[in-house]
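Residues per chain, in single letters:
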Amino acid sequence: MNVKLAPLSLALAGSLLAAPAFAEMHWQNNSLTYLYGKNFSVDSGEDGREAAIQQTITFEHASGWSWGDMFLFVDHKWFNGHSGKDGRTYYGEFSPRLSLGKVTGKDLSFGPIKDVLISATYERGESQADGTPNQVYLLGPAVDLAVPGFDRFAVNTYYRKPDGATGKPGGQWQITPTWAMTIPVGKSDILFDGYIDWVVNDKTSGGTELKKNFHFNPQVKYDLGKALNQKAGMLYVGIEYDYWTNKYGIEDSGAFNTDNNVVNFIVKAHYF
């Protein structure tokens, strides 16, 4: 399948934001997160030590619009015991979704499906040493679901296309469920949210191989602000579990461990 996702996904995002009458914001949420963990595989530092401590500051933005919704985040990561550029890196994603129900003005709900959408994502990491960009474009259908007990539940299905300059093959398919559930506990709440990125097939092209992989990334957070009689949903503490087989599509082996299995400590502050 030869699909030029780069122009298409960027055109989708640009068209959604270009027309003021069409791009009316209904809500937004912004946050900063601090994460602390260790024993990361693959990118634990310049010498690959899995015991390296990784700290991350993440900015997140989510918003609802007259055309659909949008989510983006940027990670700034650094590894203890390393200095300079080798000890720091960044990664980000931009994900607009076009609601077919909103743009057509029709109720597309049926059964557990609340809405049908077109989802696009742009992934960007730090460029390679030779300046080659590290970026991926994703595009595909999505549904929002009404699942009892969940605040929200969505399933995005993507065709993945790495940037042509990287030499990595396109042709992988990814399924990405996302969810959030609020659980009352005493005078406060526990928020259970997260996502799964499941790349379901291997792909080889021009000698470059990307393996199927499974990334499970839930967070369990206690609403500390509400417990301290402050506004709910503003300050959380908790843990994030990061489980990733064949991380970055690199096959795990006895010589090179690419299976990630890490628990992070989290502090997350929301602001609007």
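Residues numbered from 1 in each chain as written. Predicted model: local features only at pLDDT ≥ 70, side-chain atom pairs only at ≥ 80, totals over all residues. Heavy atoms only, no water.

Next up on the list: the overall build of the chain. Of regular secondary structure, the chain possesses three helices and 14 strands. Per-residue burial for the chain yields a buried fraction of 45% across its 272 residues. Within the chain, contacts between residues separated by at least 24 positions form 55% of all contacts whose residues are at least 6 apart in sequence. Put simply, the chain shows about 13,700 Å² of open surface, and 61% of that area lies on carbon and sulfur atoms. (Helix = DSSP H or I, 4+ residues; strand = E, 2+ residues; numbered from the N terminus. Buried < 20%, exposed > 50% of the residue type's maximum accessible area, 1.4 Å probe, protein only. Contact = heavy atoms within 4.5 Å. Areas by Shrake-Rupley, 256 points an atom, 1.4 Å probe, with all protein chains shown as cover.)

We note that N229 has phi near 65°; this positive angle belongs to a residue other than glycine. Of note, Y248 is a non-glycine position whose phi angle comes to about 60°, a positive value. With respect to the secondary-structure elements, Y248 resides in the loop between strand 13 (235-245) and strand 14 (260-271).

Turning to the sheet that holds strand 1 (residues 25-38), a few remarks are in order. Strand order in the closed barrel made by the 12 strands is 1-2-3-4-5-6-7-8-9-12-13-14, with antiparallel pairing throughout. Each strand axis lies, on average, 20° off the axis of its neighbour in the sheet, ignoring direction. Note that strand 1 and strand 2 (residues 53-65) share 13 bridges and pair antiparallel. Note on strand 2: the bridge partner recorded for L32 is F59. (Pairing = 2+ DSSP bridges. Axes fitted to C-alpha atoms, helices over the stretch in contact; angles between N-to-C directions.)

Evaluation of the coordinates by the stated rule reveals 11 aromatic pairs. Note on F216 and Y241: the rings are 6.3 Å apart at their centroids and 80° apart in plane angle, and the pair reads as edge-to-face. Of this pair, F216 sits in strand 12 (residues 213-223) while Y241 sits in strand 13; the two residues are 25 residues apart in sequence, bridging distant segments of the chain. The class of F216 is partly exposed, set by a relative accessible area of 25%. (Phe/Tyr/Trp six-rings, centres within 6.5 Å; stacked < 30°, edge-to-face > 60°.)

Attention now moves to the side chain of D193. Looking at the element boundaries, D193 is found in strand 9 (residues 188-199). Residue classification places D193 among the buried residues on the basis of a relative accessible area of 10%. A polar contact of 2.7 Å, which involves the side chain of D193, links it to the side chain of K221. If we ignore the near neighbours within four places in the chain, the residues touching D193 are R152, W179, A180, N217, P218, Q219 and K221. (Polar contact = N/O pair within 3.5 Å; in protein donor to acceptor, adjacent residues only side chain to side chain.)

Quick look at the pairing of strand 13 now. Across eight bridges, the pairing between strand 12 and strand 13 is antiparallel. Bridging from a neighbouring strand, F216 pairs with Y243 of strand 13.

Let us now look at the pattern of salt bridges. One pass over the structure, following the stated rule, counts eight salt bridges. Close ionic contact of R97 with D144 constitutes a salt bridge, the shortest N to O distance being 2.9 Å. Residue R97 is found in strand 4 (residues 88-99), and its partner D144 is found in strand 6 (residues 134-145); the two are separated by 47 residues along the sequence. With relative accessibility at 9%, the residue R97 sits in the buried group. Ionic pairing is found between K226 and D189, a salt bridge with its closest N-O pair at 2.8 Å. You can see K226 sitting in helix 3 (residues 224-227) and its partner D189 sitting in strand 9, a full 37 residues away along the chain. A relative accessible area of 28% places K226 in the partly exposed class. Residues joined by salt bridges that share partners form a network here, namely D69, R97 and D144. (Salt bridge = Lys/Arg side-chain N within 4 Å of Asp/Glu carboxyl O.)

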